[in-house]
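Chains, contacts and geometry: an overview
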Amino acid sequence: MPPTTSTALPNSSTALPNSSIQAAAERLTAATARPCAPVRDLLGTTDIGAAYAVQQLLTDRRLAAGGMVTGRKIGLTSPAVQQQLGVDQPDFGVLFADMDVTALPEVPSGRLLQPKAEAEIAFELGADLIDGDLDDTQIRAAVARAAAALEIVDSRIADWDITITDTVADNGSSGLYVLGENWLTLAEFEPRDVVMRLYSGDALVSEGTGAACLGDPLQALAWLARTAREYGQPLRAGQVILSGALGPMVPTPPGTTVRAELSTLGTVTATFSKDTHS
């Protein structure tokens, strides 16, 4: 799918001074070799606009360095994941071309700090979601195809000690992602009816259904489409949308192999390299 180089986040409104936004961005940027302290001391725990302003700043820097946006990820859609992280609403982050590690033989553990994996449905858009009511009919019509996916979430915040503002500022705790090989249209399966089982090695470590993702992964996509349009950066044809976890996320230290089995959509597997050097 063609990448886009347009900024993928809004210019969010916040009453915080720009110095706080800058300080939060610098703290996250510096967290390369080891995680950092939470940024909620700078942003507070409820000012989501401030958190998205940090995400915006970091996104702009990545674009300026040559990064290409290929889509979005929706986070915190599963009640199980919300409970794990102590938050109560969804969020979103930006997908960049270099986050797609589908073609690599192993997931490069050296690019990650404290990764976890979650299984979900990836949608590829065949139409822009700019105009109209963005109702169920329009959302379904915009989906070209879908596949099983593993989102490798990661946090620059030490010990995953996050609130909603911490994770939003940190690009929705995005890391990397792997897409399955089997792509289907919505005429061939119903996302909310998908049954997911996630294995670490041979052990079943997470399970759930499409209904665990805001009631329906297509409802999660609709939430994102409306939110993105409201912020002035609507979803575009060709983008990949990771629609949110279907069950609890699981740790993936170096050497781990995880395999997600999604009914109808098939299997997607990721092996994390034992080498922790980038």
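Residues numbered from 1 in each chain as written. Predicted model: local features only at pLDDT ≥ 70, side-chain atom pairs only at ≥ 80, totals over all residues. Heavy atoms only, no water.

Some thoughts on the overall build of the chain
The condition is simple: Only DSSP runs of H or I covering at least 4 residues are called helices, and only runs of E covering at least 2 are called strands; the numbering of each starts at the N terminus. Radius of gyration here uses only the C-alpha atoms, and the compact-globule reference equals 2.2 Å multiplied by the residue count raised to the power 0.38. Where accessible areas are quoted, they stem from the Shrake-Rupley method and a 1.4 Å probe; at the residue level, only the protein chains shown are allowed to cover.
Helix and strand counts for the chain stand at seven helices and eleven strands. Computed over its C-alpha atoms, the radius of gyration of the chain comes to 17 Å, within 12% of the 19 Å expected for a compact globule of 278 residues. Dimensions of the chain, computed from C-alpha atoms along their principal axes, come out at roughly 50 × 50 × 35 Å. Counting only carbon and sulfur atoms, one obtains 49% of the accessible surface of the chain, whose full area is about 11200 Å².

Brief notes about the pattern of salt bridges
Opposite charge on two side chains lets them pair, provided their charged atoms get close. Rules: Definition used for salt bridges: Asp or Glu carboxyl oxygen within 4 Å of a side-chain nitrogen of Lys or Arg. The buried label applies to any residue whose accessible area, calculated with a 1.4 Å probe on protein chains only, is under 20% of its type's maximum; exposed applies above 50%, and partly exposed to all values in between.
As enumerated under the stated definition, the model contains twelve salt bridges in all. Between Asp128 and Arg236 there is a salt bridge whose closest N-O contact spans 3.7 Å. Within this pair, whereas Asp128 is found in the loop between β3 (116-125) and α5 (136-142), its partner Arg236 is found in the loop between α7 (217-230) and β8 (240-245), the two being separated by 108 residues in sequence. A residue is classified by how much of its surface remains accessible, and Asp128, at 37% relative accessible area, is partly exposed. Residue Arg192 pairs with Asp193 through a salt bridge whose shortest N-O separation is 4.0 Å. Via salt bridges that share partners, Arg40, Asp161 and Asp166 belong to a single interconnected network.

Regarding the pairing of strand β11 (residues 266-271)
What counts, and what does not: Here, any two strands with at least 2 DSSP bridges between them count as paired.
In this structure, strand β10 (residues 257-262) lies alongside β11, joined through six bridges in antiparallel fashion. Within the sheet, the bridge partner assigned to Thr257 lies in β11 and is Thr271. Between β10 and β11, which pair antiparallel in sequence order, lie three residues; one of them, Thr264, sits at a positive phi of approximately 75°.

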